[in-house]
Structure formats: C-alpha cells, structure tokens
Amino acid sequence: MQDATPTPATDPDFQNDVVRNLICRQARYPDIATPQDWYMALAFTVKDRMLESWAASTKTYAEHHVKVACYLSAEFLIGPQLGCNLLSLGLEDEARAAMRALGQDLDALLALEEEPGLGNGGLGRLAACYLDSLATLEIPAIGYGIRYEFGIFDQDIVDGWQVERTDKWLKMGTPWEIVRPDVSFYVCFGGYTQMQTDAQDRLRVQWIPARQVKGVAYDVPIQGYRVNTCNLLRLWKSEAVESFDFEDFNAGDYYQAVEEKVVSETLSKVLYPNDEPDVGKRLRLAQQYFFVSCSLQDMLRLIDISHTPVAHFAERLAVQLNDTHPSIAVAELMRLLVDERQMAWDDAWSITLNTFAYTNHTLLPEALETWGLPLMQNLLPRLLEIIYEINRRFLEEVRNAFPGDEARVARMSLIDEQGEKKVRMAHLASVGSHAVNGVAALHSELLRQTVLRDFADMYPKRFLNVTNGVTPRRFLMLSNPGLASLLDETLGAGWRSDLTRLEALSDYADDVAFQQDWRAIRLNNKAALAGRISQLVGVRIAPEMMFDIQVKRIHEYKRQHLNALYMICLYRRLVRHPDQQAAPRCFIFGGKAAPGYWMAKLMIRLITGIAEVVNRDPVIGGRMKVVFYPDFNVKNGHLIYPAADLSEQISTAGKEASGTGNMKFMMNGALTIGTLDGANVEIRQQVGGDNFFVFGMTAQQVEALKRTGYRPGDYVQVNDELRDAIDQIAAGRFSRGDKALFAPLLDNLLNYDPFLVLADYADYAACQERVSEAWQDQRQWTQMSILNCARSGIFSSDRAIGEYCQHIWQTQKPAPRL
Ligand SMILES: *Cc1c(COP(=O)(O)O)cnc(C)c1O
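Residues numbered from 1 in each chain as written. Predicted model: local features only at pLDDT ≥ 70, side-chain atom pairs only at ≥ 80, totals over all residues. Heavy atoms only, no water.

### Remarks on the packing of aromatic side chains
Defined as follows: Two aromatic rings, drawn from Phe, Tyr or Trp (for Trp, its six-membered ring), form a pair once their centres lie within 6.5 Å of each other, and the interplanar angle then sorts them: stacked below 30 degrees, edge-to-face above 60, tilted otherwise. Comment: the charge-over-ring label is applied if NZ (Lys) or CZ (Arg) is within 6 Å of the ring centre and within 35 degrees of the ring normal.
The tally for this structure, following the rule as stated, stands at 20 aromatic pairs. Each member of the aromatic cluster is reached from another via a ring pair, and the members are Y71, Y130, Y804 and W809. Here K281 stacks its cationic end above the ring of W371, 5.1 Å away from the centre of that ring. Taking the ring centre of F402 as reference, the NZ or CZ of R408 above it sits at 3.8 Å.

Here it is, written out as structure tokens:
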C-alpha cells in the first residue's frame, strides 16, 4: 500500500446510479421514495462498485494460482456495512454530496441500517475483523459461516430487566448479499452405513442417510481498504431438498413429508447464545456439520474448477477453525476424500493435517465442546466411525510415544469414557491440525500448561500464539472521524495503512496545544454519547464527567458485579460526605446476557437497580451517574468506544482468553483499569505500567487460592465498606425493598463464586481511588490517553493476520504480474 491514502477518483455517475437503482432495483421513484428506499438504492450503488473490485481480484487470484485462506466460523458479527464500505472505497464524500443533491442526509440513512447480528460477541467480531484485514492486505480469502435468519436477539430493558426481542435483520431485505442458487450442496443426516465393494473390488463404506438438507450460498462482499481487492463471506442457508418427499407422499403421509421440509429449513434459522447452559444440542450440532460440510464441498468444487488434482488440496487451501464449532471438519474432510474421492486413508490424513489449523478461544471447562456418543451416532453415523478410526490410529501413536502410560491415553483420547461417553471436539481439532494457537500470550501459555498440556507434550511445535487484533478501519477511522482527522493532520496518512506508525504520537503527548485538540475531540465524542443516552434512557450526564465504561457480554467471569460493588461503595461515600471533592463519574454498562443464564440477568438487574437509586438521589447531583445502555452491538459500539475515558477489563485472571474490547478502547484513547488477564497483559506491556491501572490476583495466585480454599467471608469481615455494600443489597435497597431478589446473587458471591470477586475487591477499590486521583490532573490524564492510542498499533488485526499468513497459512498477496 502507498504511504499516503490514495485520493479516490471522483465518480461522476454516482448520483445517476443511485437514482437508477432506486427505480430499477427498489422499484420506486424519487417523489415517493422513503428513506429506507434511498438507503437501499445507495447500498446497491456501493455494492456494484465492490463487485467490480471483486471481479478484478478473483481474476487475479485465478491467474496466479494462489493459496486461499478459508476462515471457518459459526459466527461473523460484521456490523453495519454501508459506512465501512464507503470508507474502504473512499466514496464517503461523494456519497454525502450525491445524497444531499437528492435531498437526503447520509447520516440519517446510515442510522437506518440494521446490522446482521450473526454472532454473540468477541469471537464473531474477531472473525469479522479478520475478513476486513485479509481483504485490506489483499490476501485471497473466503469466510465461511451460517446465514442465520434470526441472529443474536435485540435487547430491551423493561423495568430494569433484560427482555429479548427476535432480531429482524432480514425484514426489509438486505442489499449486501448475493444469492447463488447454483452454488449449493447436499448434506446428509441420520440413517446408517454399510460396506460395499466398488468397481475395482475395493471395500467402500456407504452412508445411507435418513434425510438430506440442501445448503445454498449467500455471499457478502468484503471490500479491502483503498485497494482493488474484494473477498467474499460465504454464508449457507438451509433448504429442503424437495418440496415433497414423494415416497411419504405416495404412502399417504403428507404431513410427515411437510414436517421433514420444515425441519430442513429450520437448520439455519437461529443463532445460539454461546453461554447458554445446554440448549438445543441436537440442532446446534446439525448446524455445525451443515455449514462445515457445505464449505468443504465448496472447496473441493474450487479445486476441481481450477483443474488442480485433489492431492494438492493443502497447497491451495488453508483452513482455519475458529474455535471448536467447525472442528467436525477434520472428520468431514476425511469422509469426502476417502468415501467420495476414493483416496487412501494415509494420503487423506496427510492432506487433512496440512490443511487445518485450530484457534482455541477458551479455558473455561464448561465452554469446551463435547457431543454425546448416542447423539453423534444418531445424527452423523459415518462421521462417528471416522472419528473412531482417527482415534484408534492416534492412540496407537500416543502409546508408542509414551509406552505404558494408559492414564495419558485416557486423558488424550478423542472419546471421554467417563460417565456418559462423549466426543471431545477440542481433541479432534488438536489432532487434526498442524497448528494450534491461543489468542493472547498468557492464554496460549495457559493452554499449553492446562487444557491441552498432553497435546503440547506430544506435538510441541504445533503450538503457537497469535494475539488477537481489531480493525482500525471500523473502530477508529469510521467510528472516531474527529480523532482520525487529527491523526492525519499531525502524522500524515501513513498510520492508516500501518497502525504502528501511531507511535509517532508519543512526541506530542505533552504538547499543550495538541492536548487541547485531543480533549476537544474526546469531549465531542462524549457529548454525542451523552445525547444518545439522554434520548434512550432519560438520564442526563455532563460530558465533562469521567466516562467509566464496561461493555461486553454479561458473564460472571467478566465480573460486572465487581464493578457494581464498587459503585455502591462510592455512592455510600458520596452520601456520607456531600462536600467531598471527588472525580465526577458516569458508570456506563452495556451487554447482553444469554437468555437462559439467570445469574447474568440478575447482574443486569442489580446494575439497573443501582442506577435507579443513584440517579434519583438529590444528594448525589452531578457527582455520579449510572447507565445501562440497552442492546450493545457493533453499531452502538461505534458511539461507545470513542467516548470512554476508562475501560473496565476486570475479569478473573486466567479466564478471559484475550478480549478485543480492551483494544478498541485503547485505540481510541481510553485508559484501562484491568487485571493481568488475556491481552491486558500485552496492552500494559505496550503502554507501560505508569499508563495502565492494574489490580488483582495473577492467574497463578488465582489457582493457588483455589487450591488452598477460597473463603469469601474472610474478605467481607475485614472490609467495612464491602460489608456495607453487601448489606445494602441484602436490605433491598436496589430492588425497591425486595429483600429476596438478589439473595441468589449474594449467596453465590459469599459461598461459591469460582471467579473470586470478593478476593479482588479491596485491590480493585484501591485502584479506582488511584484512577480518581489521576483524573484530577487533566494534563497528566490526557498525556496517558495519547500514549495509549500511540502504542495501540500492534493491536491492529492487520498485524494478527500477517502472523497467521506467515506462520500458519503460508499465504501471501499475489505478486503483481510483470
Ligand atoms: C468487541 C466486541 C465484543 C468483545 O468485547 P470484549 O470486551 O472483548 O468481551 C463483544 N461485542 C461486540 C458488539 C463487540 O464489538
């Protein structure tokens, strides 16, 4: 890429094309068009430009016989598309002018867009950031996933509680997808297997399925930033194979036939929450196999049309498994090669191993996927046979490497034989991949030491770390245009293609004039968020307050309740000392709780309960506010991340694999209060201990305390303020007098809590005091803010994707033809 941002050529046809699309594709004319019609017409115009770029890149890829990176993920949380695509194409000014000439306001149209909520949180957003970087770095790549009809639910807050609404992202149609009825595959389920001899008299296994489902490709173009490269996100929608199952129909069982059709069409219906305790197991496994099988069949199709022998599969395709959700791919590729392409087992295994790489995303034992054998046998009988054969050969290898160590064999087996027998998907992924990575330095280290220790012993070279990253296009340029302009003026545009150049900002950290500009931009962002909050929840907050923000999924390990306890403590102090000078703070929360995760929902209720009391207390006035921002998603994130002064990253050490919200905040100039967990460790390393508020136990100390026995009561006994906060909750102070409401939450904190909230409380509160003190010196604070942004460069997803390309996929951008 060039050093300076190439100025895009002006496009004289742009306005004409919008009108033409309004008429020809939206079937409206200007006088009667609604804003939604204009949005669609504009989006089509932008998509057409992207498809020209897509055609050029696909042609280049084909001519160069390049290796393609395939990113398999059950989730892609891509966020709203219009703004980002305009930014990447360099068409924002053009579009603004064209729409103004047509009597429309671009910002109003951008606000209309409903985001495809095809993910739960960090994992799905990571996949989206990686697609953005792949296109920007001009790496040939395809994202493969599921086109859920209903993505993650929309969240309302009613009476202080989370209420879920179905996500209606397809209600008005989406302009961004291209349906490809001709790119479709059949996927088998159920039935049985049998042995047969083929024409060459060889024994072959045949899978006689009970039913088949058809997967149809829906492509979403992913434009690289200011380059003529556009890749695809290919999402599979399930359809019934036939409108009628004729056999059933003829037998008179019309309704059975229709039922089969309904079941088939249900497969891609809904996204499951990732932290729901045990729901829809069968459908979820079916979804995983469905999208994996379609994707691998599609890859074989691409191999075939490029006239590449299947034996060269792994030289042309690298497949990344984003967590274990797609890990059945290891067995499915074996099935396709051995059963369908008649390849010998050893050859097929060598291709499989060279093709796949696996990214682990969690150390939480309850989040490690397993599937019961009866379910696997019933739904995917042929795949289970293949898993047994992989396991048989693998355990032989283990026994050879560690003779006599049967305990190790049992620990490493793909099948968990204790209790109800299960397939361990993380083991399948680790055995079938040539590379296994964690997502932050600490996480990768813990992975080697704990959940995958035996595998790291056996295949030490297989294990590596790739610290996560986020795209600076969406999370800086698009969502913080004020800051982006200041960076351009100060540093030139070079940082846009190489984020590590932000380092040059360090020279300005202490510059009074620059600091003023910096603060003005931040205040502007905060005023915008305050305005939205006032509209949404009716709480008025002064932009001058410290904005202390925790937005992420609501989960015990992320410890929103630790933050809540401190809020109560601060509130009580302010009540007792009305004249005390303290940094005025607004605590802002956002995030969804899995619908079946009761404790997380109760945590939301506690926060809204505290908000009710604090915001209405006249004694408090403007010294403290509490806000729960409803429906946290990518779109709302655009407004929230750039408005934060303080980023809350307070998970129990050893539990957050990486975090990516922490990086988005840092990039936008927030300071972090955090534990030594996930990528926080690396953030602190980059920015320096003086510019990071660290507190709490280390991962080692957490484990040590668990071993010796965690006694929550001990911490309450010696801490009057903590005891007072807990008493206040118990007395119904934040539940309108209802003393029973939070009893389960308190019972948990005081008697079970595996996330050790109370053990970290005192240090957290003390650290928050240091934060308040630091806020009093705005010059010093601003300097720290600037340094945080300056040193966030390595957290660009471009750096992460560079590492995947170099160390795992062996892919690169096609060399220009001479
Ligand atoms: C970045 C992001 C996340 C991940 O946040 P963490 O703080 O890393 O858990 C979740 N949801 C959305 C919408 C995001 O943009």
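Now that the structure has been shown, we can carry on.
### So, the sheet that holds strand β14 (residues 422-424)
Rule in force here: In this description, strands pair whenever DSSP reports at least two bridges between them. Strands here mean DSSP runs of E at least two residues long; helices mean DSSP runs of H or I at least four residues long; both are numbered from the N terminus.
Taken in spatial order, the 3 strands line up as β12-β14-β13 in an open sheet, and their pairing is antiparallel. Either end of the sheet is taken by a strand with one partner, and the two such strands are β12 (370-372) and β13 (415-416).

### Overview of the sheet that holds strand β18 (residues 585-590)
Put simply, the rule reads: The contact rule is simple, with two residues in contact once any of their heavy atoms fall within 4.5 Å. Axis angles are defined between N-to-C directions and span 0 to 180 degrees, where every axis is a line fitted to C-alpha atoms and, for a helix, only to the segment in contact.
Strand order in the open sheet made by the 6 strands is β19-β18-β17-β20-β21-β22, with parallel pairing throughout. In this open sheet, the two edge strands, each paired with only one partner strand, are β19 (624-629) and β22 (693-694). In this structure, strand β21 (residues 671-674) lies alongside β22, joined through 2 bridges in parallel fashion. Across the sheet, residue I673 finds its bridge partner in β22, namely F693. Seen against the sheet, helix α32 (residues 778-790) touches β20 (646-649), β21 and β22 and runs at an angle of roughly 85 degrees to β21.

### Examining the pairing of β20
So the rule is basically this: Summary of the burial criterion: residues with accessible area below 20% of their type's maximum are buried, those above 50% are exposed, and those between are partly exposed, where the area comes from a 1.4 Å probe applied to protein chains only. Crossover handedness is defined by viewing with both strands directed away from the observer: a clockwise path from the first strand over the helix to the second marks the crossover as right-handed.
Burial along β20 is two-sided: the residues L646 and E648 and S647 and Q649 are all buried. Relative to β20, strand β17 (residues 546-551) runs parallel, the two being bridged by 2 bridges. Its bridge partner being in β20, D548 is matched across the sheet by L646. Of the crossover connections in this fold, the one passing from β20 over helix α25 (residues 661-667) to the parallel β21 is right-handed.

### Quick notes on the site of the ligand
What counts is decided by this rule: We call a residue near a given molecule or strand whenever any one of its heavy atoms falls within 4 Å of it. Nitrogen and oxygen atoms within 3.5 Å of one another constitute a polar contact, given that in protein one can donate a hydrogen and the other can accept it, and given that sequence-neighbouring residues count only through two side-chain atoms. Residues are sorted three ways: Asp, Glu, Lys and Arg are charged, Ala, Val, Leu, Ile, Met, Phe, Trp, Tyr, Cys and Pro are nonpolar, and all the rest, Gly among them, are polar. Domain extents, as shown, originate in an automatic or database domain assignment.
For the ligand, the set of nearby residues contains 14 residues, the closest of which are K552, K558, T660, G661 and K664. In this structure, an oxygen atom belonging to the ligand sits 2.8 Å away from a side-chain N or O atom of K552. Between the ligand and T660, the relevant distance is 2.8 Å, taken from an oxygen atom to a main-chain nitrogen or oxygen of the residue. Among the residues forming the shell around the ligand, the class breakdown is 4 nonpolar, 6 polar and 4 charged. Split by domain, the residues of the shell around the ligand number at least three in each of domain 2 (67-80 + 115-273 + 281-369 + 430-468) and domain 3 (478-795).

### Quick notes on the pattern of salt bridges
Heads up, the condition is: Basic side-chain nitrogens of Lys or Arg form a salt bridge, by our definition, when they fall within 4 Å of a carboxyl oxygen of Asp or Glu.
Counted under the stated rule, the structure contains 55 salt bridges. Here R585 ties to D548 by a salt bridge, and the two come within 2.7 Å at their closest N and O atoms. Of the two residues, R585 sits in strand β18 while D548 sits in strand β17, which places them 37 residues apart along the sequence. The class for R585 is buried, based on a relative accessible area of 0%. Judged by relative accessible area, D548 falls into the buried class, the value being 1%. Linked by salt bridges that have partners in common, R180, D219, R234, D298 and R301 make up one network.

### Points about the UniProt feature "modified residue: N6-(pyridoxal phosphate)lysine" (unreviewed entry) in the protein
For clarity, the threshold we go by: UniProt positions are given in the numbering used here, feature names are shortened, and annotations may be inferred rather than shown by experiment.
In the numbering used here, UniProt assigns the feature "modified residue: N6-(pyridoxal phosphate)lysine" (unreviewed entry) to K664. For K664, a relative accessible area of 6% corresponds to the buried category. Setting aside residues up to four positions removed in sequence, K664 forms contacts with R125, V470, F475 and Y641.

### A few points about the environment of T166
One can find T166 in the loop between β4 (161-165) and β5 (178-189). Relative accessible area serves as the criterion here: at 58%, T166 is assigned to the exposed category. Between the C-alpha atoms of T166 and G151, which are 15 residues apart in sequence, the distance is 7.9 Å. Excluding residues within four positions of it along the chain, T166 makes contact with F150 and D154.

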